[in-house]
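Geometric and topological summary
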Amino acid sequence: MLSFFKNNILNLKGKSVLVYGMGISGQAACKLLHEKGACVSTYDDEGRFITYFAHEKNPMEKRYELVVVSPGIKVLGNPLITHFLSKGTNIISELDLGYYFSNGKVIGITGTNGKTTVTSLVGEIFKASGSKTFVCGNIGLPISSIALQSDENSVIVCEVSNFQLELSKLFSADIACLLNLAEDHIDRHGSFEEYLRVKEKIVTHNGGQKLILNFDDELVKKIQINKKTLFFSKNMLKKGVFVKNNYIYHNKIKILPLSEIPLFGEKNLENVLAAVAIAVSLKVKPEVIRRAVREFKAPPHRLSYLGQVNGADIFDDSKATNISSTISAVNSLGDRGLILLLGGLNKDFKFDEIFDKGWDFEELICFGKAGQEIFDCAKKYGYNPKIFASLKETAYYLRDNVQAGQKVLLSPACASFDEFSSYSVRGEMFKEIMFGTIAQIEMAQERKRLS
């Protein structure tokens, strides 16, 4: 427990607090701390933040009563965090800070894949129910930025990443949902075992927490449950949220037919089941859930159907930054006639799991920094892939060569940072090239240059 908790109250007035990491989460933390009367200093490893107010050049030379760490800061091997730990300094995450000062019901949603879709859908369901709803966390809006706006009647739907949980000590959601667990972010945590340990911190075992767990995921199913655990499954269960005769049920109650789900693929069915389980656990009416699901528009770059080019169907799954997500996408579309695009920045994955299934791809294309590594792995399994230096080159090749009846799937199984600032920028670039938008922009720029 933090040393300056007095009677379970975090008293920050006049306390010396360092915020480490000045992205949007760090900035939100600074504002919240200032509101609570703390004496705030800031630090970031990137020099561009040196002009920020109260920026510390040498934080190791100062003493702080609390350090709040943003999720973008890597903990493993970090000399500054190691220094503070050795000095016994209180360290919490930005997630902890925002959670502590929040009011109302807090729903925490984590997992390797599907977090943003489920968080978005749950937010829409509670908005439709008339609740004062905040959607925050890893989805883009820091919980620290909404904490002081919440009240006892609020519902806070928080997407929680492993980066946010890594240093968490206080976060304890009223409802904790764990969607799935698969290998990811080994470059951040050093091992899969450590990644699992961090993810499972969302389960607090405090007795009052309701758990929403995926019965179809073998690793999730092993988690120690409590009396308030609710499972969801694509298969029939004796109790829980499940599929039966093409309907989603909660126990014996019909919630909605599968035909009304506007999202594509088996993984998205799991996402809807998770959202339904969260909603029914807080007694949202079935008709409200059904309407919200029917009207839901999924976040982009998640197995999104973009349209046709030369009669070929084009799918953008740029958010697939790990192998399990790519495998789910291929399972949803099927390998027949499929052109699979893999590449980007490897996160210390081995790619054998994609190629050892005997899938009969129409074509396999590798690109980016990890392109050669993926190419070599595919060759071991008898594939004859093409390789390009970049996604841009890949997309131009495809735009000119795809044929009717083919399916093109960008599901890279890698991070985007070798070429792009985010997976969303990667997906937008792919879309713009495939559908000619970028060519029009480049032509307009060239005409402007020559005029």
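First, a word on what this report is: a plain description of the structure on this page.

Reading the values: rules and limits
- Residues numbered from 1 in each chain as written.
- Predicted model: local features only at pLDDT ≥ 70, side-chain atom pairs only at ≥ 80, totals over all residues.
- Heavy atoms only, no water.
- Pairing = 2+ DSSP bridges.
- Helix = DSSP H or I, 4+ residues; strand = E, 2+ residues; numbered from the N terminus.
- Axes fitted to C-alpha atoms, helices over the stretch in contact; angles between N-to-C directions.
- Contact = heavy atoms within 4.5 Å.
- Buried < 20%, exposed > 50% of the residue type's maximum accessible area, 1.4 Å probe, protein only.
- Right-handed = clockwise from strand over helix to strand, strands pointing away.
- Arc of directions from axis to C-beta.
- 1 Å grid on protein atoms, 1.4 Å probe; cavity = no way out; pocket = protein on both sides within 12 Å on 5 of 7 lines; lining within 4 Å.
- Points joined across faces, edges and corners; volume = space filled by probe spheres on them.
- Nonpolar A, V, L, I, M, F, W, Y, C, P; charged D, E, K, R; others polar.
- Patch = residues over 30% accessible without salt bridge, like charges linked within 9 Å, V, L, I, M, F, W, Y side chains within 5 Å.
- Areas by Shrake-Rupley, 256 points an atom, 1.4 Å probe, with all protein chains shown as cover.
- Salt bridge = Lys/Arg side-chain N within 4 Å of Asp/Glu carboxyl O.
- Lys, Arg positive; Asp, Glu negative; His and termini not counted.
- Charge placed at Lys NZ, Arg CZ, Asp CG, Glu CD.

**Quick notes on the sheet that holds strand 4 (residues 39-43)**
With respect to topology, four strands assemble into an open sheet ordered 4-3-5-6, the strand pairing being parallel. Strands at the two margins of the open sheet, each flanked by one partner only, are strand 4 and strand 6 (91-93). The sheet shows a mean angle of 25 degrees between the axes of neighbouring strands, taken without regard to direction. As paired strands, strand 3 (residues 16-20) and strand 4 are joined by five bridges and run parallel to one another. Note on strand 4: the bridge partner recorded for Val19 is Thr42. Where helix 1 (residues 24-35) meets the sheet, its contacts fall on strand 3, strand 4 and strand 5 (66-69), and the angle it forms with strand 3 comes to roughly 165 degrees.

**Things to note about the pairing of strand 5**
Neither face of strand 5 is exposed, since Leu66 and Val68 on one face and Val67 and Val69 on the opposite face are all buried. With four bridges connecting them, strand 3 and strand 5 associate as parallel partners. Bridging across to strand 5, Val17 finds its partner in Leu66. Bridge analysis of strand 5 against strand 6 gives three bridges, and the strand direction is parallel. Across the sheet, residue Val67 finds its bridge partner in strand 6, namely Ile91. Considered for its hand, the β-α-β crossover made up of strand 5, helix 2 (residues 79-86) and strand 6 is right-handed.

**Some thoughts on helix 7 (residues 192-199)**
Those residues of helix 7 lying buried are Phe192, Tyr195, Leu196, Val198 and Lys199. Along the axis of helix 7, the buried residues cluster in a sector spanning 160 degrees; they form a single face. Buried residues belonging to helix 7 abut strand 7 (105-110), helix 4 (115-128), helix 5 (162-165), helix 6 (186-189) and helix 8 (218-221).

**Some points on the pairing of strand 3**
Both faces of the sheet carry side chains from a regular strand, because those side chains alternate between them. Here strand 3 lies mainly inside the structure; four of its five residues are buried. Running through helix 1, the crossover from strand 3 to the neighbouring parallel element strand 4 is right-handed.

**Some thoughts on empty space enclosed by the protein**
Left-over empty space is what a probe sized like a water molecule reveals as it rolls over the atoms. The final tally for this structure, using the stated rule, is two cavities of 30 Å³ or more. Approximately 260 Å³ is the volume attributed to the largest cavity. Among the secondary structure elements, those contributing two or more residues to the lining of the largest cavity are helix 4, helix 9 (266-281) and helix 11 (323-333). Taken together, the residues that form the lining of the largest cavity break down as four nonpolar, eleven polar and seven charged. Along the walls of the second largest cavity sit 13 residues, with Val69, Ser70, Pro71, Ser93 and Phe163 positioned nearest its centre. Elements with a minimum of two residues in the lining of the second largest cavity: helix 3 (94-100) and helix 5. Considering only residue class, the lining of the second largest cavity consists of seven nonpolar, three polar and three charged.

**Concerning a negative patch on the surface**
A cluster of acidic residues, Glu183, Asp187, Glu193, Asp348, Glu353, Asp356, Glu373 and Asp376, forms a negative patch on the protein surface. Looking at the secondary structure, you find Glu353 in helix 12 (residues 352-355). For Glu353, a relative accessible area of 44% puts it in the partly exposed group.

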